[in-house]
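Working through the structure, step by step
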Amino acid sequence: MKDLSRREVLALGSTAAAAALFINPLTAHAETDLAKDLMKKFTGGKAATAGKIKLEMPEIAENGNTVPLSFTVESPMTKKDYVKRVIIIAGGNPRPEVATFNFSHLSGVAKASSRMRLAKTQNVIAVAELSDGSFHMAKTEVKVTIGGCGG
Amino acid sequence: MKGTAKIKALSALFAVTMLSATSITYMQTVKAEDGLKDDGLPNGISKVMVKPATNDGPLDEIFSGWHFRSKETKNLQKDDFENPGYLWVEQGEELWATKDGSEGKSCKSCHNDAAKTMKGVGAEMPKWNAKLKRPLTLEQRINTCRTESMGAKEWKWESSQMLSMTAFVRNLSRGMPMNVQADGPMKPWVEKGKKIYYTRVGQLNMSCSNCHEDNYGKYIRADHLSQGQSNGFPTYRLKWQKLGSLHRRFKGCMKNIRATPYKPGSDEFVALEIYLSQRGKGLEIETPAVRN
Amino acid sequence: MAKSKPRVKAPKKASKGDIVTIKTLISHIMETGLRKNKKTGKIIPRRIINKFQAKFEGTEIFSVDLDPAISANPFFQFSMKAEKSGEFEFIWTDDNGEVYSKKSKLTVS
């Protein structure tokens, strides 16, 4: 029921935004140059393949100041095969970098949660660097609502 | 017209349009039967409730603001560790035992173990003070202690110390129903608060009741209107990124309807707080709640 | 809040091989350096927690390089594989050079 009401709200705002809900988030938004540049810097120009990493964020954030995020990377997390680091990128923010999480095989699992700021509706990208030098990415769109009651 | 002034005027016009009756009717109403009811907080607080007999306000059912928030915002409050409001509660606990002022006293010097002496106190504030012949909010009561017993300076209303102490004391009544005295000498204050609640003010010509009584459960743009209950204050608001007082929230509401806000601690806001506590009588204290 | 205060929730006991979950929270404004003072029009200087480290017996198990897009009062949840008893140390570094830390013991059986 809650989901339905949320969609109704969006329908109020703009049909485009509402339509975006039904489009695969991977294609909904083009990446900003800021996001692309930062990703390139992180991977050293290597391509990041989609998958292996799961990024969980709300579909709609009640307020852009505190948006929960959590991610999990599939990995045995052994000395030989582990996740080195994960960068979180928000290309729609004035500055795209959010944080870089550094793991070691001692972490047990490559999983973490935090809370972040989003200036507007946009794609959030997570890129993981594995110990074998490969890069994997996930992307999710978060809608940031502008409420009537700033207060 | 200057650029900013123009934008302000335009946004005011936009707000008026958005608030007009037509746009409200188009909005989805979520009432108890289709979404507002949930299991409340893990400790059983704030399950939806039917109005208790002692509450003679105009609402058939009273809801904590908890029920109007998104899953993610609720999650921030569900776990006491993850709730950032507890940073203030913990600081309040420290301040409780910190000596201050010319008398070399702390709160603890007079009131001993807060867990015993302050339990339930927050649920009854604002409370009539016979000596001063007026009601005192928790903030005002704390400052009375500071100036009269401790020989210390008053804390500012929205200071980190005041927020910490009010959060700490109110938290000790968490789960207890709000129970503010409304009769006897408090009666004129309830009446004064009620008048403020129903009086239209500001450029948008709106009263508290227009949103929180007539249209709670509906959306105003993307905001899910609550009943404007006070049981979660001081509250950690995502927008503020910190804890804030009820009077700060009042101020924000008044700015939204483009009215000149009263001052925190003013008789007007104290009366409104008393009236709201009366409207929400029976709702359980959630301090520190997390809201958007 | 006057001074940054860390909160940590880490288990005290675990069985060998368990993956334990740790949660941390610290009070901090996380001033982005992008906001202007409304009265003076001047940029409010950046002041954030720029680094968080979790160590176990002196070895880093997890760390974060924070940018201003991390919310005020930074929260982190992460894990560790419990192999032996020892002590956690959690360290937050502020832009102004201040370092806040907290320790916690873990017994592995």
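All values derive from a computational prediction rather than experimental measurement. Positions within a chain are numbered from 1, following the residues in the order the chain's sequence is written. Numbering of ligands from 1 and lettering of chains from A proceed in the order in which they are written. It should be noted that, the model being predicted, local features are given only for residues of pLDDT at least 70 and side-chain atom pairs only at 80 or more, the latter also being counted only at that level, while totals for whole chains, interfaces and linings use all residues.

**Notes on the packing of helix α9 (residues 187–198) of chain B against helix α12 (residues 267–279) of chain B**
All names here are of chain B. Note the cut-off: Each axis is a line fitted through C-alpha atoms, and for a helix only the stretch in contact is used; angles between axes span 0 to 180 degrees, taken between their N-to-C directions. Here a strand is any run of E in DSSP of at least two residues, a helix any run of H or I of at least four, and the numbering for each starts at the N terminus. The cut-offs work like this: below 35 degrees is roughly parallel, past 145 is roughly antiparallel, 65 to 115 is roughly perpendicular, and the gaps in between are oblique. Placing a C-beta atom from the backbone of each residue, one calls two residues in contact when those atoms lie within 7 Å. Residues are sorted three ways: Asp, Glu, Lys and Arg are charged, Ala, Val, Leu, Ile, Met, Phe, Trp, Tyr, Cys and Pro are nonpolar, and all the rest, Gly among them, are polar.
Axis separation between α9 and α12 bottoms out at 7 Å; the angle between their running directions is 95 degrees. Our classification of the angle between α9 and α12 gives roughly perpendicular. When α9 is examined against α12, the residues Trp 189, Val 190, Lys 192, Gly 193, Lys 194, Ile 196 and Tyr 197 are found in contact with a partner set consisting of Glu 268, Ala 271, Leu 272, Ile 274, Tyr 275 and Gln 278. Looking at side-chain class alone, the contact of α9 with α12 contains eight nonpolar, two polar and three charged residues.

**Some points on the interface of chain C and chain B**
Between chain C and chain B, the residue contacts involve twelve residues of the former and nine residues of the latter. Among the elements of the structure, β1 (6–9) and β3 (19–26) of chain C are those that each provide at least two residues to the side of chain C that touches chain B. Of the residues belonging to the side of chain C that touches chain B, the class tally is five nonpolar, three polar and four charged.

**Points about the confidence of the model for chain B**
Residue and element names in this part refer to chain B. Selection rule: As a per-residue quantity, pLDDT reports the predictor's confidence and falls between 0 and 100.
Overall, the predicted model of chain B reaches an average pLDDT of 85, with 82% of residues at or above 70. Confidence scores differ between elements of chain B, with helix α2 (residues 21–26) showing the lowest mean pLDDT of 35 and strand β4 (residues 134–136) the highest of 98. Note that pLDDT drops below 50 for residues 1–35; the model gives that stretch 37 contacts with residues more than four away or on any other chain. Among the scores for the predicted complex, ipTM is 0.94 and pTM is 0.85.

**Structural notes on unusual backbone geometry**
Of note, the amide linkage connecting B:Met125 to B:Pro126 takes the cis form, showing an omega dihedral of -5 degrees. Mapping B:Pro126 onto the fold places it in the loop between α6 (114–117) and β3 (127–129). Geometrically, the link from B:Phe233 to B:Pro234 is a cis peptide bond, its omega value of -10 degrees lying close to zero. Within the secondary structure layout, B:Pro234 lies in the loop between β6 (223–224) and β7 (235–237). We note that C:Met30 has phi near 50 degrees; this positive angle belongs to a residue other than glycine.

**Overview of the domain arrangement of chain B**
Residue and element names in this part refer to chain B. Note the following rule: For the domain bounds, the source is a domain assignment made automatically or taken from a database.
Under the domain assignment used here, chain B contains domain 1 (3–78 + 179–291) and domain 2 (86–171). Contacts between domain 1 and domain 2 engage 20 residues on the former and 20 residues on the latter. Where the side of domain 1 that touches domain 2 is concerned, the elements lending two or more residues are β8 (242–244), α11 (246–256) and α12. The leading source of residues in the side of domain 1 that touches domain 2 is α12, at three residues.

**Some remarks on the pairing of strand β9 (residues 135–144) of chain A**
Residue and element names in this part refer to chain A. Put simply, the rule reads: The exposure label follows from counting other C-beta atoms within 10 Å of a residue's C-beta, where the C-beta atoms are placed from the backbone and the thresholds are 20 or more for buried and 12 or fewer for exposed, leaving partly exposed in between. The criterion for strand pairing is that DSSP finds at least two bridges linking the strands in question.
The buried fraction of β9 amounts to eight of the ten residues, a majority that puts the element mostly inside the structure. Both strand β3 (residues 60–61) and β9 contribute to a ladder of two bridges, which runs parallel. For Ile 60, the partnering residue across the bridge sits in β9 and is Lys 143. Note that strand β8 (residues 122–130) and β9 share eight bridges and pair antiparallel. Following the sheet pairing, Ile 125 is matched in β9 by Lys 139. Between β8 and β9, which pair antiparallel and follow one another directly, the connecting turn spans four residues, one of which, Gly 133, has a positive phi of 90 degrees.

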